[in-house]
Amino acid sequence: MVTLNSTEVLNTVVPETGHGNHSEDSPFLSSADAVKKTDFYDRNLALFEEELDIRPKVSSLLSRLVNYTNITQGAREHEEAENTETLRRKSPNMGTLMGVYLPCLQNIFGVILFLRLTWIVGTAGIVQSFLIVLMCCSCTMLTAISMSAIATNGVVPAGGAYFMISRSLGAEFGGAVGICFYLGTTFAAAMYILGAIEIFLKYLVPQAAIFHASDHHGGDSAILNNMRVYGTICLSLMAVVVFVGVKYVNKLASLFLACVIISIVSIYAGAIKSVFQPPDFSICMLGNRTLVRDQFDVCSKTVLEGNVTVPSQLWRNFCSSGNMSSPQCDDYFNQNNVTEIQGIPGLASGIIRDNMWGDYREKGQILEKAGLPSVDVHGAVESIGLYVSADIATSFTLLVGIFFPSATGIMAGSNRSGDLKDAQKSIPIGTILAITTTTLVYFSSVVLFGACIEGAVLRDKFGDAVSKNLVVGTLSWPSPWVIVIGSFFSTVGAGLQSLTGAPRLLQAIAKDNIIPFLRVFGHGKANGEPTWALLLTGLIAELGILIASLDMVAPILSMFFLMCYLFVNLACAVQTLLRTPNWRPRFKYYHWALSFLGMSMCLALMFISSWYYAIVAMCIAGMIYKYIEYQGAEKEWGDGIRGLSLSAARYSLLRLELGPPHTKNWRLIIMFFVSLDLHVKYPRLLTFVSQLKAGKGLTIVGSVIQGQFLDSYGETQASEQAVKNMMEIERVKGFCQVVVASKVREGIAHLIQSCGLGGMKHNTVVMGWPYGWRQSEDPRAWKTFINTVRCTTAAHLALMVPKNVSFYPSNHERFTDGTIDVWWIVHDGGMLMLLPFLLKQHKVWRKCKMRIFTVAQMDDNSIQMKKDLATFLYQLRIEAEVEVVEMHDSDISAYTYERTLMMEQRSQMLRQMRLSSAEREREVHNYTSTNIHRITPVRPNIFVDHSEGHIELVSQTQIHSLIRMGSLYSDEEEEVVEPVADKIQMTWTKERYEAERRNRNNAPENFRELMSLKPDQSNVRRMHTAVKLNEVIVNKSHDARLVLLNMPGPPRNTDGDENYMEFLEVLTEGLERVLLVRGGGREVITIYS
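Conventions we followed
- Residues numbered from 1 in each chain as written.
- Predicted model: local features only at pLDDT ≥ 70, side-chain atom pairs only at ≥ 80, totals over all residues.
- Heavy atoms only, no water.
- Helix = DSSP H or I, 4+ residues; strand = E, 2+ residues; numbered from the N terminus.
- Contact = heavy atoms within 4.5 Å.
- Areas by Shrake-Rupley, 256 points an atom, 1.4 Å probe, with all protein chains shown as cover.
- Salt bridge = Lys/Arg side-chain N within 4 Å of Asp/Glu carboxyl O.
- Buried < 20%, exposed > 50% of the residue type's maximum accessible area, 1.4 Å probe, protein only.
- Pairing = 2+ DSSP bridges.
- Right-handed = clockwise from strand over helix to strand, strands pointing away.
- pLDDT = per-residue confidence, 0-100.
- Axes fitted to C-alpha atoms, helices over the stretch in contact; angles between N-to-C directions.
- Core = buried A, V, L, I, M, F, W, Y, C linked by side-chain atoms within 4.5 Å.
- Left-handed = near helix turned anticlockwise from the far one by under 90°.
- Nonpolar A, V, L, I, M, F, W, Y, C, P; charged D, E, K, R; others polar.
- Patch = residues over 30% accessible without salt bridge, like charges linked within 9 Å, V, L, I, M, F, W, Y side chains within 5 Å.
- Lys, Arg positive; Asp, Glu negative; His and termini not counted.
- Charge placed at Lys NZ, Arg CZ, Asp CG, Glu CD.
- Phe/Tyr/Trp six-rings, centres within 6.5 Å; stacked < 30°, edge-to-face > 60°.
- Lys NZ or Arg CZ within 6 Å of the ring centre and 35° of its normal.
- Disulfide = S-S within 2.5 Å.

Some remarks on the overall build of the protein chain
Secondary structure assignment for the protein chain yields 35 helices and 18 strands. In the protein chain, the proportion of contacts linking residues at least 24 apart, taken out of those at least 6 apart, comes to 80%. In the form shown here, the protein chain has an accessible surface area of approximately 53800 Å², with 57% of it arising from carbon and sulfur atoms.

Pasting the structure below:
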């Protein structure tokens, strides 16, 4: 005898025979995982070992999280390099300064600061410029607070703002705003390129201009054409650089940032130096008008050459004759003196008082300096080109739209979250510090420009008064070229960054597969570079280049960025108000009120800067939203709009629970039963339900799978998917519910009782007719049907049974004529009136007319009935023809009697057949239960029967079949047992032989009893009603498109169930499309408003 200790027992392998305690991991782990058995079978986790494959150990989970990379969609904005695998393996190590603060500075500071801020200060004045900067920077600061909350609520991969909005507000909002953000970034590239070309042609190499103005009227068109040509060339070169190697752009980013910082420092240095030694930039004034300085050499009417006074270059510009004795000069030139004033008086000059308030000008209006003496006379038209004039009409709203792009760029930090050592900490701190820094720079720049530079020079956009110098360059130290060269390289760098980032943003949207027609832009080169997206970006940027005006492109990209920022604020506000469990930002200094304020400011700025651009941008976003909603892929991202829907649904359901809905608020909420056989058995039923969608209710498609839930879970999921696919094809809006039950009728009862939630429970049941019930010996189909009718009645639900559903029209068919006939025999809530009205709202039935028939008995006044019915329909606001059909009392015909007799004989015959079958099955069951212990195995799967002194070999399959038959029969006595696979082998005895002979002798007696059967009088009466009604209905409605009639209730005595089915068949014979309707016991239609 061998004794095993406890350790040996634990290590013993029990063979998998019988009910041995074999290892439980085999169904879950493949052979490849067998080596890792110790991973799953930790001694301290034995209680959880069976679920470790779906509920892993914490250590396993943590190890996977450590190896997680947040680079998704293959797009890393501003940081993509050719060797993506190397970058994936590189651990993030960037801090707040290099990873967020400096990139945000680089993106925020840009072309507007150098080219337009001095002009904005001169035009709007210091006070209003302060207001413009405050509005724009407050908007971006509030947006940064909201963005920080979203960005610290989880990892933000590539796509930046698009990712945040789409995952917070859903695919529709995310796609719409993502496209707006992409267009904004693309037009930003165009704006930066136009700025770079303006610096190049105006200040670096003016002689490179291709087009020249023939007169002062053609100056604008020549400038625009030059911008278009050089802009297109520059865009092409930049696109080639981005295509060839993005990594070079990223490496040069530090150089471009250095240019920006050096330029800004030189401005401050020049402002400080101007206190002691203002730079020498004098401007020439004729009266109070500013003159273009490069048109002449000396700011004087005459010059002294030797001892002789001769006309100056300025004189010759204004006078047609060079002879001073008989001049023919411009009147304004003759009557006003020429003076020279300091263009940069310096910080200590007190010029700030003159620049406090605005001086808005119309296009072509000459720039003037208030306070200088001037005789107001009209000069010659030919002299207009000699003065500095406004090139566009200015207003406060225009300046807001032009300045706002200089406040954008706050998303640069969130776009780089994958490279940050601690993104949760770096993004809020770096972004808010960058916005604070840039805001202070803008505020101080407004003050310095207003305090150091003469107002006439500030309003001179292109520096014509200071010899074509960049105005901000005149203030800088040590040389204006520092600003000119620095601003040129910074704008080129910003343009390259935009051309790098925009295609990756489009690629991220395309790879999310929410906008089908953008899928092609998700592809690129082998290393992930978005080639097609870059091509589209270049084409869109070219549209901005063709506009050719920096002042016109800036408001366009302002719209798109403001739209993006608006939805960032909305996303934060929605998440905060919903208080979803997943909303746990590490950044705590946010509030929904701040987000709403930021959202309101974005909306206000959109309409302040350009109301028509705002409407266009919102229309673009709206169209994209609706396109994604109808055509895009369904995405479940746990977004806030879904959370908002859940909150709204919860609130509405709780409100609905306060009481039953009023009749006016009654909606058709359908529970529709379908039969599944790997697919929906009768899809036309679903089509019919979809045609009732004008009821503005809800559809719940239910089905029952027979079996045990634990064994049928996979089949349930497959069935639900099949139903959902069919619902999508038929455009049925609703839900699907598949349950598993041991019996179909029990499953249906469960669905009727438990489906729906609160006040959104179904009030109507739709189910198909059990076709072929007469030919089948299986009574389950029609018994389940009648049981469902009884359940709906008990639950006070309405019931609809479409018959001959294969003849029902599809959604693509349209009836151009015909009628929908309603046979209103009994009133049970008005469903018969409401259903045709709802059907007529659908395009299939719209052209059909409605007819209502009612039945009058002998003692009814049919004329008065018709008048009353017409009045009732008028008050119901339903248009229909009315007809009252009189049914006279008549004797029961021989046909009716014969049909009733045949019905009862058939029922009796089937009952006897089922009874004899049940007796045979019961005998098999007795045989199995009494003799199964006598069967012993002689070799595997072969057994010997020793009963009654006989020996017979029986297979194991036969034994299992016998046991299965007995168990099925005992489960439900009336259900038919499935045929067994093998023939049942029994040993005959004398007693069994005698019993079988007696049964055969009784057969003629049973037949004689069947022939002498007399029909039940109540059945005869019911058959008579069915036959007569059917005659009348067929006579009146044989050509109707659809016939609706009251469905009789099932008998209270269940013995007559089969007869009930026969009555329904007789009632609907000869009709092509029939809809049997039972009301739910409550009014569903009212005459009151």
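Some details on the pattern of salt bridges
Opposite charge on two side chains permits pairing when their charged atoms draw close. Counting across every chain of the model gives 16 salt bridges. In this structure, the salt-bridge partner of arginine 459 is aspartate 359, at a minimum N-O distance of 3.3 Å. Here arginine 459, found in the loop between helix 17 (455-458) and helix 18 (471-475), pairs with aspartate 359, found in the loop between strand 5 (338-342) and helix 14 (396-403); they are 100 residues apart in sequence, far enough to count as distant. Side by side, arginine 459 and aspartate 359 carry an identical accessibility label, which is buried. Taking the shortest distance from any N to any O, the salt bridge between glutamate 1031 and lysine 1028 comes out at 3.9 Å. Of this pair, glutamate 1031 and lysine 1028 both sit in helix 34 (residues 1017-1037), 3 residues apart, which is roughly one turn of that helix.

Here we look at the sheet that holds strand 1 (residues 282-286)
Taken together, 3 strands build an open sheet; the order of strands is 2-1-5 and the sheet is antiparallel. With partners counted over all chains shown, the strands left at the sheet margins are strand 2 (289-290) and strand 5, one partner each. Relative to strand 5, strand 1 runs antiparallel, the two sharing 5 bridges. Considered in strand 5, the bridge of methionine 285 is made with threonine 339.

Quick word on the pairing of strand 13 (residues 881-886)
By the bridge criterion, 6 bridges tie strand 12 (residues 849-856) to strand 13 in an arrangement that is parallel. The residue of strand 13 that forms the bridge with threonine 854 is valine 884. Taking the sense of rotation as the criterion, the β-α-β connection linking strand 12, helix 30 (residues 862-875) and strand 13 turns out right-handed.

What about the confidence of the model for the protein chain?
Looking at the protein chain, the pLDDT average stands at 76 and 74% of residues meet or exceed 70. Per-residue pLDDT stays below 50 along residues 1-51; that stretch engages in 23 contacts with residues further than four places along the chain or on separate chains. A low-confidence stretch, residues 68-90 (pLDDT under 50), is modelled with 55 contacts involving residues beyond four sequence positions or located in other chains.

Examining the sheet that holds strand 7 (residues 698-706)
The strand order 8-7-6-9-10-18-17-11-12-13 describes an open sheet built from 10 strands, whose pairing is mixed. Strands at the two margins of the open sheet, each flanked by one partner only, are strand 8 (734-741) and strand 13. Across this sheet, the average inter-strand angle for adjacent strands is 20°, counted without regard to direction. When strand 10 (residues 798-803) meets strand 18 (residues 1074-1078), the two strands line up antiparallel, connected through 5 bridges. Among the inter-strand pairings, valine 801 is bridged to a residue of strand 18, identified as leucine 1076. Seen against the sheet, helix 25 (residues 683-690) touches strand 6 (669-673), strand 7, strand 9 (764-766), strand 10 and strand 18 and runs at an angle of roughly 175° to strand 6. Each of strand 6, strand 9, strand 10 and strand 18 is contacted by helix 28 (residues 780-794), which is oriented at about 150° to strand 10, the strand it contacts most.

Things to note about the nonpolar core
Inside soluble globular proteins, nonpolar side chains tend to come together where they are buried. Residues Met191, Phe403, Met411, Tyr442, Phe449 and Ile453 are the most contacted members of the largest nonpolar core, which totals 165 residues. Ranked by the residues each element gives to this core, the list is headed by helix 9 (residues 171-204), at 22 residues. Ranked by size, the runner-up nonpolar core spans 51 residues in total, among them Phe672, Met727, Cys736 and Met831.

Brief notes about the packing of helix 11 (residues 246-276) against helix 19 (residues 480-512)
Interhelical geometry of helix 11 versus helix 19 gives an angle of 145° and a closest axis separation of 8 Å. You can see that helix 11 and helix 19 cross each other, and the crossing is left-handed. Note on element contacts: helix 19 touches helix 11 through Val482, Ile483, Gly486, Ser487, Phe489, Ser490, Gly493, Leu496, Gln497, Thr500 and Arg504, opposite Val246, Val249, Ala253, Phe256, Cys259, Val260, Ile262, Ser263, Ser266 and Ile267. Residues of the contact of helix 11 with helix 19, tallied by class, amount to 12 nonpolar, 8 polar and 1 charged.

Section: a positive patch on the surface
A surface patch of like charges, here positive, comprises Lys693, Arg731, Lys733, Arg814, Lys843, Arg846 and Lys847. Relative to the assigned elements, arginine 731 resides in the loop between helix 26 (709-729) and strand 8.

Side note on the packing of aromatic side chains
Aromatic ring pairs: the centre-centre distance and the angle between the two ring planes describe each pair. Following the criterion strictly, the structure yields 25 aromatic pairs and no others. Through a chain of ring-to-ring contacts, the aromatic side chains of Trp315, Phe318, Tyr332, Phe333 and Tyr387 assemble into a single cluster. Directly above the aromatic system of phenylalanine 333 lies the positively charged group of lysine 301, at a separation of 4.5 Å from the ring centroid.

A few points about the side chain of glutamine 106
Assignment of secondary structure puts glutamine 106 in helix 5 (residues 96-108). Classification of glutamine 106 as buried rests on a relative accessible area of 11%.

Comments concerning the side chain of threonine 152
With respect to the helices and strands, threonine 152 occurs in the loop between helix 7 (117-151) and helix 8 (161-169). Classification of threonine 152 by relative accessible area gives buried; the value is 2%. In contact with threonine 152, not counting residues within four places along its chain, are Gln424, Pro428, Arg584, Pro585, Arg586 and Phe587.

Details of the packing of helix 5 against helix 16 (residues 423-452)
One way to put it is that helix 5 packs onto helix 16 with a least axis distance of 8 Å and a crossing angle of 35°. For helix 5 against helix 16, the interelement crossing comes out right-handed. Only Ser426, Ile427, Ile429, Gly430, Thr431, Leu433, Ala434, Ile435, Thr437, Thr438 and Tyr442 of helix 16 make contact with helix 5, whose side of the interface consists of Thr96, Val100, Tyr101, Cys104, Leu105 and Ile108. Residues belonging to the contact of helix 5 with helix 16 are distributed by class as follows: 11 nonpolar, 6 polar and no charged.

Describing the pairing of strand 6
Among the 5 residues of strand 6, 5 are classified as buried, and the element is accordingly described as predominantly covered. Side chains of strand 6 alternate between two faces, with Ile669, Met671 and Phe673 and Ile670 and Phe672 buried alike. In the sheet, strand 6 pairs with strand 7 via 5 bridges, with the strands oriented parallel. Across the sheet, residue isoleucine 670 finds its bridge partner in strand 7, namely threonine 699.

Details of the state of the cysteines
One pass over the full model with this rule turns up 2 disulfides. One disulfide bridge connects cysteine 284 with cysteine 299, the sulfur atoms lying 1.9 Å from each other. Because the torsion about its S-S bond is 85°, the bridge between cysteine 284 and cysteine 299 counts as right-handed. Taken as a pair, cysteine 284 in strand 1 and cysteine 299 in the loop between strand 2 and strand 3 (302-305) lie far apart in primary sequence, 15 residues in all. Between the sulfur atoms of cysteine 319 and its disulfide partner cysteine 329 the distance amounts to 1.7 Å. Linking cysteine 319 and cysteine 329, the disulfide has an S-S dihedral of approximately 105° and is accordingly described as right-handed. Taken together, the residues span a long stretch of sequence, with cysteine 319 in the loop between helix 12 (313-318) and helix 13 (331-335) and cysteine 329 in the loop between helix 12 and helix 13 at a distance of 10 residues. Residues cysteine 319 and cysteine 329 agree in their burial class; the two are buried. Sequential numbering of the bridged cysteines in the protein chain gives the disulfide pattern 1-2, 3-4. In this model cysteine 736 remains outside any disulfide bridge; the closest cysteine sulfur is found in cysteine 755, 9.5 Å from its own.

Quick word on a nonpolar patch on the surface
A contiguous nonpolar surface patch, about 580 Å² in accessible area, is contributed by Leu603, Phe607, Trp611, Tyr612, Ile615 and Met618. Counting only elements with at least two residues in the nonpolar patch, the list comes to helix 22 (592-609) and helix 23 (611-631). Considering each element in turn, the nonpolar patch owes the most residues, 4 residues, to helix 23. The topology assignment puts phenylalanine 607 in helix 22.

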